[in-house]
Amino acid sequence: MAATVSADTPLRPARAPAARWSRIERRTSPYLYVAPFFLVFAVFGLFPMLYTGYVSMTGWRADRPGTESSWVGLENYRRLLDDPFFWNALKNTLGIGVLSTVPQLLFALGLAHLLNYRIRGRTFFRLGVLLPNVTSVAAVTLIFVQLFGRDFGLVNWALGLFGVDRIDWQAGTLSSWTAISAIVTWRWTGYNALIYLAAMQSVPFELYEAAAIDGASRWRQFRSITIPMLRPTILFTVIVSTIGALQLFGEPMLFGQQQDPTTGGSQHQFQTLALYSYNQFWGRFKYGYGAAVSWAMFLLIVVVVAANLLAARRMKGADAS
């Protein structure tokens, strides 16, 4: 027998609070998920950067008590413009950056193209190219120091087979740049190759089949299909590699271990901006001036990345037209 509802029976209240809470949860949950990252970044990234900017405006020196709050404004940055060691460090940073970034990305692109073929044991080779990147930078650099040794280095021995005299790799500017660039290239080529390989996996295979039917060689397919499809990925690796090159620290520091590691050689021939900043902080205890060097390096990175993005947009606009 069906139940009847009398007029005096109270109606069930609407679920307005529950629906409202559900809407609030949907709107706020994404922010709560990403909040830990921004909190960590604010504590360990943003605050140190801003505090370093403040210190760069002071004349703080650890060997002079009471200078912690001595405000000098932009004086440290003005001194940078007249500092020959700063410009030398900038030249070394850019030189080593070009010598390491360009070959690194070219080798990575070619290596990824080879690993993209269906070869036996390709999983083993794909994992193997990443081993240099997971190896300690200290261990890698110390081994390369022995390889580039003047008297008993394997590199000089190999060059001697072709009649080339021994090279003191740490003494010269170009030779030290080449040796340090070889370390950086060896460590990061495999990492970038895997990034390129992942991007190549997303290229439709039908494009290669159509090109092969039209008689295009593998080199032509690589130039006309792979490279254009990988342009966003190539731009990403260029930007990341450029930032890494401008922050180069461990390799040049350990490469000059036989001398003061923060000077970058007896004539500062491979002292980078990061090494120069470290030298000002912990070698000369000029905290204010060292912070100014760090901020100058940060501004340089911003300029270089912006230039890369602008060049990429122009290339994209030229292709669209």
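Structure: see above.
Now for a description of the structure that goes with this document.

The rules behind these values
- Residues numbered from 1 in each chain as written.
- Predicted model: local features only at pLDDT ≥ 70, side-chain atom pairs only at ≥ 80, totals over all residues.
- Heavy atoms only, no water.
- Helix = DSSP H or I, 4+ residues; strand = E, 2+ residues; numbered from the N terminus.
- Rg over C-alpha atoms; globule rule 2.2 N^0.38 Å.
- Buried < 20%, exposed > 50% of the residue type's maximum accessible area, 1.4 Å probe, protein only.
- Contact = heavy atoms within 4.5 Å.
- Areas by Shrake-Rupley, 256 points an atom, 1.4 Å probe, with all protein chains shown as cover.
- Lys, Arg positive; Asp, Glu negative; His and termini not counted.
- Charge placed at Lys NZ, Arg CZ, Asp CG, Glu CD.
- Salt bridge = Lys/Arg side-chain N within 4 Å of Asp/Glu carboxyl O.
- Patch = residues over 30% accessible without salt bridge, like charges linked within 9 Å, V, L, I, M, F, W, Y side chains within 5 Å.
- Axes fitted to C-alpha atoms, helices over the stretch in contact; angles between N-to-C directions.
- Left-handed = near helix turned anticlockwise from the far one by under 90°.
- Nonpolar A, V, L, I, M, F, W, Y, C, P; charged D, E, K, R; others polar.
- Polar contact = N/O pair within 3.5 Å; in protein donor to acceptor, adjacent residues only side chain to side chain.
- Arc of directions from axis to C-beta.
- Core = buried A, V, L, I, M, F, W, Y, C linked by side-chain atoms within 4.5 Å.

**Some remarks on the overall build of the chain**
Here is step 1 of the chain: Tallying secondary structure elements over the chain gives 14 helices and 0 strands in all.
Here is step 2 of the chain: Shown N-terminal to C-terminal, the secondary structure of the chain runs as helices and strands in the order α-α-α-α-α-α-α-α-α-α-α-α-α-α.
Here is step 3 of the chain: Against the 2.2 N^0.38 benchmark of 20 Å for 321 residues, the chain shows a C-alpha radius of gyration of 28 Å, more extended than a compact globule.
Here is step 4 of the chain: Across the 321 residues that make up the chain, the buried fraction comes to 36%.
Here is step 5 of the chain: Counted over contacts in the chain with a minimum sequence separation of 6, partners at least 24 positions apart contribute 67%.
Here is step 6 of the chain: Here the chain displays about 20,200 Å² of accessible surface, and carbon together with sulfur accounts for 67% of that area.
Here is step 7 of the chain: Mean positive and mean negative side-chain charge positions of the chain (27 and 16 charges, respectively) differ by 8 Å.

**Some details on the pattern of salt bridges**
Here is step 1 of the chain: For the structure on display, the rule yields 7 salt bridges.
Here is step 2 of the chain: Here Arg78 and Glu75 are joined by a salt bridge, their closest N and O atoms 2.6 Å apart. Here Glu75 and Arg78 lie together in helix H2 (residues 75-81), a separation of 3 residues that amounts to about one turn.
Here is step 3 of the chain: Relative accessible area serves as the criterion here: at 42%, Arg78 is assigned to the partly exposed category.
Here is step 4 of the chain: Taking relative accessible area as the criterion, Glu75 reaches 31% and is therefore assigned partly exposed.
Here is step 5 of the chain: With a shortest N-O distance of 3.3 Å, Arg150 and Asp151 are connected by a salt bridge.
Here is step 6 of the chain: Accessibility expressed as a relative area gives 35% for Asp151, which makes it partly exposed.
Here is step 7 of the chain: A single network of salt bridges, built from pairs that share partners, joins Arg150, Asp151, Arg166 and Asp168.

**Quick notes on the environment of Ile227**
Here is step 1 of the chain: Note that Ile227 resides in helix H10 (residues 218-229).
Here is step 2 of the chain: You can call Ile227 partly exposed: its relative accessible area is 23%.
Here is step 3 of the chain: Sequence-wise, Ile227 and Asp165 are 62 residues apart; in three dimensions their C-alpha atoms are separated by 40 Å.
Here is step 4 of the chain: Contacts of Ile227, omitting those with residues within four sequence positions, involve Leu109, Phe222 and Ile234.

**Overview of a positive patch on the surface**
Here is step 1 of the chain: Taken together, the side chains of Arg20, Arg23, Arg26 and Arg27 define a basic patch exposed on the protein surface.
Here is step 2 of the chain: Relative to the assigned elements, Arg23 resides in helix H1 (residues 16-55).
Here is step 3 of the chain: Note on Arg23: relative accessible area 39%, which makes it partly exposed.

**Comments concerning unusual backbone geometry**
Here is step 1 of the chain: Phi at His268 takes a positive value of approximately 60°, unusual for a residue other than glycine.
Here is step 2 of the chain: If you trace the backbone, His268 turns up in the loop between helix H12 (250-255) and helix H13 (273-283).

**Digging into the packing of helix H3 (residues 84-115) against helix H8 (residues 173-201)**
When two helices pack together, their arrangement is given by the angle between the helix axes and by the axis-to-axis distance.
Here is step 1 of the chain: For the pair H3 and H8, interaxial distance at closest approach is 6 Å and the crossing angle is 35°. Once H3 is placed against H8, the crossing between them reads as right-handed.
Here is step 2 of the chain: For the contact of H3 with H8, a count of residues per class yields 18 nonpolar, 11 polar and 1 charged.

**A short note on the side chain of Asp83**
Here is step 1 of the chain: Examined against the element boundaries, Asp83 turns out to sit in the loop between H2 and H3.
Here is step 2 of the chain: For the buried residue Asp83, which engages in no salt bridge, the nearest side chain bearing the opposite charge is Arg79, 6.3 Å off.
Here is step 3 of the chain: Within the local environment of Asp83, its side chain forms a polar contact with the side chain of Tyr276, the two groups lying 2.3 Å apart.
Here is step 4 of the chain: Each residue touching Asp83, except ones within four places of it in the same chain, is listed here: Tyr276 and Tyr289.

**A look at helix H6 (residues 137-147)**
Here is step 1 of the chain: Among all positions in H6, only Val140, Thr141, Phe144 and Val145 are buried. Taken end-on, H6 shows its buried residues confined to a sector of 140°, consistent with a single buried face. Within H6, the exposed residues directed more than 90 degrees away from the buried face are Ile143 and Gln146.
Here is step 2 of the chain: Tucked inside the fold, the buried residues of H6 contact H8 and H12.
Here is step 3 of the chain: The N-terminus of H6 is capped by Ser136, whose side-chain oxygen sits 3.3 Å from the backbone nitrogen of Ala138.

**A look at the nonpolar core**
Here is step 1 of the chain: Core analysis: the biggest nonpolar cluster contains 17 residues, and Leu109, Ala112, Tyr196, Met200, Val203, Ile225 and Leu230 have the highest contact counts within it.
Here is step 2 of the chain: Elements with a contribution of two residues or more to this core: H3, H8, helix H9 (205-213) and H10.
Here is step 3 of the chain: Leu230 has contacts with Leu109, Tyr196, Ala199, Met200 and Val203, leaving out every residue within four places of it along the chain.

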